[in-house]
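# Results of the structural survey
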Amino acid sequence: MPALPIPGPSDPDHEEPTDEQLEDNDEDGSGGRMSFLDHLDELRKRLIVAVSSVLVGFLVAFAFIEPMVRFVMVPLVALLPNPDTGFIYTEPTEAFFLYIKVAAVVGLILAMPVVLLQFWRFVAPGLYGHEKKFAIPFVMMSTFFFVGGCLFAHYFLFPVAWEFLGGFSTELMTFTPRIAPTFSLYIRLVLACGAVFQMPTLVFFIARVGLVNARFLVRNTKYAILIIFIVAAVLTPTGDPATLTLMAAPMVVLYGLSIIIAWVVAPRRKAEET
C-alpha cells in the first residue's frame, strides 16, 4: 500500500505556528522549556541578586546599629530581676558580634521583598501563564506575614519566654545572662515566627493550583491543631504552658484565616477554568 504523504515544510498543506499560537503555548506552560544548565544559571543569577540585596540591607542596618540594638535589648534588660546589672559578656568579641548579628537580621528583613521576588522569578518558568501574574501578591503577602511574625515574637512571645526563664532567681542563684545565648534564643523565636506566619501565603497558592480547598482544611482541623501544638512545642525553648500557648494561638488563627483564603480562592479558580 503506498505510504501516505506527511505534511512538511515544503508541503502546501503544512502551516507554520503563528506568533499567537507560540504565545499561547508559553501561556499554558508548554513553551520556554529550560535545560538543566539553564536552571543552574538562572539559580546563580537569582542567588547573586538575593545575597547582594541582603548585603545592602546589612550595610544600611549597620549604619543605624545603635538604636536597633537598643530596640532589641532594652525591653529584655527591663525584665531582668536586677535591671541595673544588664547583660554580661565573657569573650572579647561577644559584644561586637551582637552588633553584626543584629545588622544581619535587620538586613534580611529589609531585603525580604527582593529575596522573595528572586525566588518567584526562579520558579516562574515552571508556572502557567495565568499563575505568573501573582508575583506581586506573593511578594506583598509573604513580606507582610514575615514582618508580622517577627513583630509578634519581639513584642509578645519572647518577653513571655524571657520572663519565665528569668523567674528562677533566688538568694542562691542570680540571673545574669550572657549576650550571645540570649540573642541566639531571640533570633530563633523571631525567625521561627516569621516562617510559621507564612501559612496563609502558602495556602493561597496551593489552593490556586487545586491541591487543597476549604472543605479539606475544615475536615482536617483537628489534625492541623495537633500538628500546630507539636510545632509550637519544638520551637519554644521553655516548654511552659504560657509560652507554648502563645506560640500556638496565632498559628491556629492563621489556620482559620487560611481556610477563608482557600474558600475565596477556589471559586475564582473554578470560574477561570470555566
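Residues numbered from 1 in each chain as written. Predicted model: local features only at pLDDT ≥ 70, side-chain atom pairs only at ≥ 80, totals over all residues. Heavy atoms only, no water.

### With respect to the overall build of the protein
Within the protein one finds 10 helices and zero strands. Taken from the N to the C terminus, the helices and strands of the protein come in the order α-α-α-α-α-α-α-α-α-α. Across the 274 residues of the protein, 36% fall into the buried class. Look at the contacts in the protein between residues 6 or more apart in sequence, and 81% of them connect residues 24 or more apart. (Helix = DSSP H or I, 4+ residues; strand = E, 2+ residues; numbered from the N terminus. Buried < 20%, exposed > 50% of the residue type's maximum accessible area, 1.4 Å probe, protein only. Contact = heavy atoms within 4.5 Å.)

### Digging into the side chain of T201
Structurally, T201 is set in helix α7 (residues 199-208). For T201, a relative accessible area of 3% puts it in the buried group. Not counting chain neighbours up to four residues away, the residues in contact with T201 comprise F138, M141, S142 and F145.

### A word on the confidence of the model for the protein
Of the residues in the protein, 81% reach a pLDDT of 70 or more, and the chain-wide mean stands at 80. Low pLDDT, under 50, characterises residues 6-12; the stretch is placed with four contacts to residues that sit more than four places away or in other chains. (pLDDT = per-residue confidence, 0-100.)

### Quick word on the pattern of salt bridges
Summed over all chains, the structure comprises four salt bridges. D41 is the partner of K45 in a salt bridge, and the nearest nitrogen-oxygen pair spans 3.4 Å. Residue K45 and its partner D41 are located together in helix α2 (residues 36-63), separated by four residues, close to a single helical turn. With a closest N to O distance of 3.3 Å, E94 and R178 form a salt bridge. Placement of the pair is E94 in helix α4 (residues 94-123) and R178 in the loop between α5 (135-165) and α6 (179-196), with a sequence separation of 84 residues. Here R178 falls in the partly exposed class, since its relative accessible area comes to 30%. Overlapping salt bridges, with partners in common, bring together D41, R44 and K45 in one network. (Salt bridge = Lys/Arg side-chain N within 4 Å of Asp/Glu carboxyl O.)

### With respect to the packing of α4 against α5
The contact between α4 and α5 brings their axes to 9 Å, and the two run at 145°. Our pair here, α4 against α5, has a crossing hand that is right-handed. Residues I109, M112, P113, L116, L117, F119 and W120 of α4 form the contact with α5, whose participating residues are A135, F138, V139, S142, T143, F146, V147 and C150. Looking at the contact of α4 with α5 residue by residue, the class counts come to 13 nonpolar, two polar and no charged. (Axes fitted to C-alpha atoms, helices over the stretch in contact; angles between N-to-C directions. Left-handed = near helix turned anticlockwise from the far one by under 90°. Nonpolar A, V, L, I, M, F, W, Y, C, P; charged D, E, K, R; others polar.)

### Observations concerning the packing of aromatic side chains
The full count for this structure, using the stated rule, is 15 aromatic pairs. Taking 6.0 Å as the distance between ring centres and 35° as the angle between the ring planes, the aromatic pair formed by F119 and F138 counts as tilted. Taken as a pair, F119 in helix α4 and F138 in helix α5 lie far apart in primary sequence, 19 residues in all. Here F119 falls in the partly exposed class, since its relative accessible area comes to 48%. Taken together, the ring pairs in this structure connect F87, F158, W162, F183 and Y186 into an aromatic cluster. (Phe/Tyr/Trp six-rings, centres within 6.5 Å; stacked < 30°, edge-to-face > 60°.)

### Quick word on the packing of α4 against α6
In contact at an axis separation of 10 Å, α4 and α6 are set at 10° when each is read in the N-to-C sense. Considering the angle they form, α4 stands roughly parallel to α6. Of α6, the residues touching α4 (which contributes E94, A95, L98, K101, V102, V105 and L108) are I179, A180, P181, F183, S184, I187 and L191. For the contact of α4 with α6, the class distribution of residues is 11 nonpolar, one polar and two charged. (Parallel < 35°, antiparallel > 145°, perpendicular 65-115°, else oblique.)

### Some points on a nonpolar patch on the surface
A surface patch of nonpolar side chains, about 510 Å² in accessible area, is lined by F36, L37, L40, L43 and L47. Given a relative accessible area of 60%, F36 falls into the exposed group. (Patch = residues over 30% accessible without salt bridge, like charges linked within 9 Å, V, L, I, M, F, W, Y side chains within 5 Å. Areas by Shrake-Rupley, 256 points an atom, 1.4 Å probe, with all protein chains shown as cover.)

### Comments concerning the environment of I230
Assignment of secondary structure puts I230 in helix α9 (residues 221-235). Given the relative accessible area of 48%, I230 is considered partly exposed.

### A closer look at the side chain of Q198
Mapped onto the secondary structure, Q198 falls in the loop between α6 and α7. Among the polar contacts made by the side chain of Q198, one reaches the main-chain carbonyl oxygen of S142 at a distance of 2.9 Å. Apart from residues no more than four positions distant in its own chain, Q198 is found in contact with S142, F145 and F146. (Polar contact = N/O pair within 3.5 Å; in protein donor to acceptor, adjacent residues only side chain to side chain.)

### Things to note about the environment of Y186
Its location among the elements puts Y186 in helix α6. By relative accessible area, which is 8% here, Y186 ends up buried. Considered as a pair, Y186 and P159 are 27 residues apart in the sequence and their alpha carbons are 9.6 Å apart. Residues contacting Y186, with those up to four places away along its chain left out, are V72, H154 and F158. In this structure the side chain of Y186 is engaged in a polar contact, spanning 2.8 Å, whose partner is the side chain of H154.

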